Protein chains: 2
Amino acid sequence: MEQVTVIKVGGAIVEDAERLAQLLDRFAALPGQKVLVHGGGRRATKVASALGIESKMVEGRRITDAEMLEVVTMVYGGLVNKNIVAQLQSRGVNAVGLTGADMNVIRSHKRPKKDGVDYGFVGDVDKADGHRLLSLIRGGLTPVMAPLTHDGMGHILNTNADTIAAETAKALAREGASTTLVYCFEKAGVLADPDDEGSVISTINHDEFVRLVANGTISGGMIPKITNALAAVDAGVERVIITKAENIGTSTGTVITR
Amino acid sequence: MEQVTVIKVGGAIVEDAERLAQLLDRFAALPGQKVLVHGGGRRATKVASALGIESKMVEGRRITDAEMLEVVTMVYGGLVNKNIVAQLQSRGVNAVGLTGADMNVIRSHKRPKKDGVDYGFVGDVDKADGHRLLSLIRGGLTPVMAPLTHDGMGHILNTNADTIAAETAKALAREGASTTLVYCFEKAGVLADPDDEGSVISTINHDEFVRLVANGTISGGMIPKITNALAAVDAGVERVIITKAENIGTSTGTVITR
C-alpha cells in the first residue's frame, strides 16, 4: 500500500529562518511521499501589528475579522507558503503551495457564533479532497498546505493548521493510503514527567489515554490534542506521531495508534 | 488542436471589487481552456505604504528590495491570488493559484544591475513549464498565475505580469496548444485616433506595425507592448489580442498576428 506522511509544523519553527531551513532539510530527506502543513500565526500577528490591526484571541484561537482575514490570507497563503515552496524547490522537492480554495481541496463553512463568541471568518472543514491530493502526490508533487480554506461561495476562511493536517491525513487514508500524521511539538513527545525530556511515552492508544488522564499524567492542552489524534486514527489514519521538529525522520516521539 | 486562452488582467481591475467580479463572470463564461494571469501593483503599493515602506519605481518598474519582496509575495501570492481562486471556485471554475515556484512552473534569475539601476529581487524568466501547465489544464484545472517566479535556489522573485502571461502563452504554444494571449487594457484596443474609442485597429502584423510606427499612429508605451506581442506570435502564439476587460469573449479589440 502507498505510504504518505503528513507533517504539521507550527509558527515558532516556520518563522525562525534557521529552524525552518533545518526542518526543510529534514523534510526533503524524508523517504517516500509527503505533505507539509504549516501555521504562521506569530508572523500574522506581527504583520497585523505593523498595519495597526490588533490581534484578538479567545482560548488560543484567533478572532478573524475582515481586516485580519486579509492579513492571514497574505501571510499564510503568500509570504509563508511561497517561501516554503521556493525553499523546497531548491532542495529538489517539487512542492506546490495550496490553500483549500486551490483545486477546491478543502471546503469549509463559516463557524457559527457559539456561546456569544463570533470567531469571524473562521472555517470549519466540511470536506478535504483526498483523491485530488493523492493524484498530485502520485504525480511527483509535494503539497504544502496553508491554514486557509474556502466556503465555495467565494470566501477564503481561516482554519487551524492542526485541523488542516488531520483532515488531510484522514482524506488520504479514506483513499486507501497508509497515512502517518506527524505533529511537530515543542517537546520530544508526550512526557510522563513534564520536567524530563527523556520520559517520552512511546505509544498511547485509547485505553492508555483513559488511564493516563485518570492518573493525571496527561492534562490541560494535551487532552484535546490527543483526543484529536485518536479521532484521526479512528478515521483510518495509521498512526499519529507527536514529536519535536528536530526529530522528524527518527523514531523518537509518542506514537498514537488504535 | 487544443485551444487555450491566456488572459492577463492588471491591477486596476483586480483591485476594484466590482470590476473584478464582472471580469471573473466573463472569464468563467469563456468557452474552452484558459489561464488567468493577474497583477496587483497598486494593492502592493497600498500595503507597503500602510507598513511604512516606500515604493520606488524606475520607468514604471518597481524596485524590489527585501522588504518590498515580502510585500509583493504577500499581496500577489496571497491576497490577490487566493481571493481570485476562491471567487472562481464559486463560479464553477476549478482554479489553482500558482507562482512560478509552485510545481517549478516558472524559473527565473535575478536581474543583474544595468546602467546603474539595481531592480533588486526582480526575476527575468528563464523557462516556463508548458508541459506541466498543459497537463493541469487537461486535468480540468484553470491556473491563476501571480506575477512571482523563483530562482531554483530558494528565492521568490518579482516578475512583471505581462511577461508571465507572454512566457506562459509561449510555453503552451511550444507544447502544441493553439494559444491566444489576451492583454486587458484600459482602451478597447490599439486606436488609430487616441481620442476616438471607435477607431480600434482590427489587426496588426509585422509590416503594419512598421508602417504605423513610421507614420506616428503607434508611439510611446504602445511600441514595447506591441513589440512583445509580435515576439510572442513569432514564438508560436496564434494571436495576441489587446482589448478592454469588458470586451473579453467578444470580437472587439486589436488582433496581433504573424
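All figures in this text were calculated on a predicted structure; none of them were measured in a lab. (Residues numbered from 1 in each chain as written. Chains lettered and ligands numbered in written order. Predicted model: local features only at pLDDT ≥ 70, side-chain atom pairs only at ≥ 80, totals over all residues. Heavy atoms only, no water.)

Chemist: What am I meant to see in the interface of chain A and chain B here?
Modeler: Interfaces are frequently sized by the accessible area removed from exposure as the parts join. Of the residues lining the interface, 37 residues belong to chain A; the matching set on chain B comes to 37 residues. Between chain A and chain B, roughly 2800 Å² of surface is buried when both sides are summed, and carbon and sulfur atoms account for 63% of that area. Of all residues in chain A, A:Met74, A:Lys82 and A:Met103 give up the largest surface area on contact with chain B, accounting jointly for 20% of the area buried on that side. Here chain A and chain B share four salt bridges between them. The residue A:Glu70 makes a salt bridge to B:Arg43 at a minimum N-O spacing of 2.9 Å. Sorting the residues of the side of chain A that touches chain B by element identifies α3 (41–50), α4 (66–90) and β5 (95–98) of chain A as the ones contributing at least two each. (Contact = heavy atoms within 4.5 Å. Buried area = accessible area lost by both parts, 1.4 Å probe. Salt bridge = Lys/Arg side-chain N within 4 Å of Asp/Glu carboxyl O. Helix = DSSP H or I, 4+ residues; strand = E, 2+ residues; numbered from the N terminus.)

Chemist: Hey, could you run me through the environment of A:Ala66 in this one?
Modeler: Residue and element names in this part refer to chain A. Here Ala 66 is to be found in helix α4. Note on Ala 66: relative accessible area 49%, which makes it partly exposed. Between the C-alpha atoms of Ala 66 and Gly 120, which are 54 residues apart in sequence, the distance is 7.8 Å. (Buried < 20%, exposed > 50% of the residue type's maximum accessible area, 1.4 Å probe, protein only.)

Chemist: Would you take a moment to explain the pairing of strand β2 (residues 33–38) of chain A for this structure?
Modeler: In summary, the side chains of a regular strand alternate between the two faces of the sheet. Residues and elements named next belong to chain A. The buried fraction of β2 is high, at five of six residues. In this structure, strand β1 (residues 3–9) lies alongside β2, joined through six bridges in parallel fashion. Bridge pairing links Val 6 to Val 35 in β2. (Pairing = 2+ DSSP bridges.)

Chemist: Sorry if this is basic, but what is going on with the sheet that holds strand β13 (residues 239–244) of chain A here?
Modeler: Remark on secondary structure: sheet strands pair via backbone hydrogen bonds, oriented parallel or antiparallel. All names here are of chain A. In space, the eight strands of this open sheet follow the order β5-β8-β2-β1-β11-β13-β14-β12, with mixed pairing throughout. What marks the edges here is a single partner per strand, and that holds for β5 and β12 (203–204). Note: β13 against strand β14 (residues 254–256), three bridges, orientation antiparallel. If you follow Val 240 over to β14, its bridge partner there is Ile 256.

Chemist: Just to check I follow, could you spell out the pairing of strand β8 (residues 142–145) of chain A for this structure?
Modeler: Residue and element names in this part refer to chain A. Neither face of β8 is open: one carries Thr 142 and Val 144, the other Pro 143 and Met 145, and all of them are buried. The pairing of β2 with β8 spans two bridges and is parallel. Looking at the pairing, Leu 36 lines up with Val 144 of β8. Of the strand pairs in this sheet, β5 and β8 are connected by four bridges, and their pairing is parallel. Bridge pairing in β8 links Leu 98 to Met 145.

Chemist: Which parts of the structure should I look at to understand the side chain of B:Thr64?
Modeler: Tracing the backbone through its elements, the reader meets B:Thr64 in the loop between β4 (61–62) and α4 (66–90). According to the relative accessible area criterion, B:Thr64 is buried, its value standing at 0%.

Chemist: Even after reading the chapter, I still don't get the nonpolar core, so can you show me in this structure?
Modeler: Core analysis: the largest hydrophobic core is formed by 90 residues, its most contacted members being A:Leu181, A:Ile226, B:Leu181 and B:Ile226. Among residues more than four places away in sequence, those in contact with A:Ile226 are A:Val190, A:Ile204, A:Phe209, A:Ile218, A:Ile242 and A:Ile256. Counting 80 residues, the second-largest nonpolar core is a separate cluster that includes B:Leu30, B:Val47, B:Leu148 and B:Ile241. (Core = buried A, V, L, I, M, F, W, Y, C linked by side-chain atoms within 4.5 Å.)

Chemist: Would you take a moment to explain the packing of α4(A) against α4(B) for this structure?
Modeler: When two helices pack together, you describe them by how their axes are tilted relative to each other and by the distance separating the axes. In contact at an axis separation of 7 Å, α4(A) and α4(B) are set at 115° when each is read in the N-to-C sense. Judged by the angle between their axes, α4(A) and α4(B) are roughly perpendicular. The interaxial crossing formed by α4(A) with α4(B) has right-handed handedness. Listed contacts from α4(B) to A:Glu70, A:Thr73, A:Met74, A:Val75, A:Gly77, A:Gly78, A:Leu79, A:Lys82 and A:Asn83 of α4(A) are B:Glu70, B:Thr73, B:Met74, B:Val75, B:Gly77, B:Gly78, B:Leu79, B:Lys82 and B:Asn83. (Axes fitted to C-alpha atoms, helices over the stretch in contact; angles between N-to-C directions. Parallel < 35°, antiparallel > 145°, perpendicular 65-115°, else oblique. Left-handed = near helix turned anticlockwise from the far one by under 90°.)

Chemist: Looking at this model, I keep getting lost on the packing of aromatic side chains. Mind explaining?
Modeler: Two measures describe an aromatic ring pair: the distance that separates the ring centres and the angle between the ring planes. All names here are of chain A. Counted under the stated rule, the structure contains zero aromatic pairs over all chains. Cation over ring: Arg 111 sits above Tyr 119, and NZ or CZ is 4.8 Å from the ring centre. We note Lys 225 situated over the ring of Tyr 183; from NZ or CZ to the ring centre the distance is 5.7 Å. (Phe/Tyr/Trp six-rings, centres within 6.5 Å; stacked < 30°, edge-to-face > 60°. Lys NZ or Arg CZ within 6 Å of the ring centre and 35° of its normal.)

Chemist: What should I look at first to understand the UniProt feature "site: Transition state stabilizer" (unreviewed entry) in chain A in this one?
Modeler: All names here are of chain A. As recorded in UniProt, the sites labelled "site: Transition state stabilizer" (unreviewed entry) are Lys 8 and Lys 225. Across 218 residues, the annotated set stays spatially compact, with a maximum C-alpha separation of 13.0 Å. Tracing the sequence through the fold places Lys 8 in strand β1. Residue class for Lys 8 comes out buried when judged on its relative accessible area of 12%. Non-local contacts of Lys 8, meaning those with residues more than four positions away in its chain, are made with Val 37, Ala 161, Asp 162, Ala 165, Val 182, Tyr 183 and Cys 184. For Lys 8, the side chain forms a polar contact with the side chain of Asp 162, separated by 2.8 Å. (UniProt positions renumbered as here; feature names shortened; annotations may be inferred. Polar contact = N/O pair within 3.5 Å; in protein donor to acceptor, adjacent residues only side chain to side chain.)

Chemist: Any chance you could explain the relation of the copies chain A and chain B here in plain terms?
Modeler: Superposition of the two copies of the chain requires a rotation about an axis and a shift along the axis. When chain A is fitted to chain B, the residual RMSD is 0.0 Å, and the transformation amounts to a turn of 180° plus an axial shift of 0.0 Å. Both copies are brought into coincidence by an operation consistent with a two-fold rotation axis. (Least-squares fit on C-alpha atoms with pLDDT ≥ 70 in both.)

Chemist: I'm lost on the sheet that holds strand β1 (residues 3–9) of chain B in this one. Help?
Modeler: Residues and elements named next belong to chain B. Spatial strand order, β5-β8-β2-β1-β11-β13-β14-β12: eight strands in an open sheet with mixed pairing. The open sheet has two free edges, formed respectively by β5 (95–98) and β12 (203–204), since each of these has just one partner strand. This element, α4, spans β2 (33–38), β5 and β8 (142–145) of the sheet and lies at about 170° to β5.

Chemist: Any chance you could explain the packing of helix α5 (residues 130–138) of chain B against helix α6 (residues 161–174) of chain B here in plain terms?
Modeler: Residues and elements named next belong to chain B. The N-to-C vectors of α5 and α6 enclose an angle of 80°; their axes lie 8 Å apart at closest approach. It follows from the interaxial angle that α5 and α6 lie roughly perpendicular. Contact with α5, carried on its side by Gly 130, Leu 133, Leu 134 and Ile 137, involves Thr 168, Ala 171 and Leu 172 of α6 and no other residues of that element. When the residues that make up the contact of α5 with α6 are grouped by side-chain class, the tally is five nonpolar, two polar and no charged. (Nonpolar A, V, L, I, M, F, W, Y, C, P; charged D, E, K, R; others polar.)

Chemist: Looking at this model, I keep getting lost on the UniProt feature "domain: Aspartate/glutamate/uridylate kinase" (unreviewed entry) in chain A. Mind explaining?
Modeler: In the UniProt entry, the feature "domain: Aspartate/glutamate/uridylate kinase" (unreviewed entry) is given for residues 4–243 of chain A. Taken end to end, residues 4–243 of chain A has its terminal C-alpha atoms 17 Å apart, with 40% of it in helix and 23% in strand.

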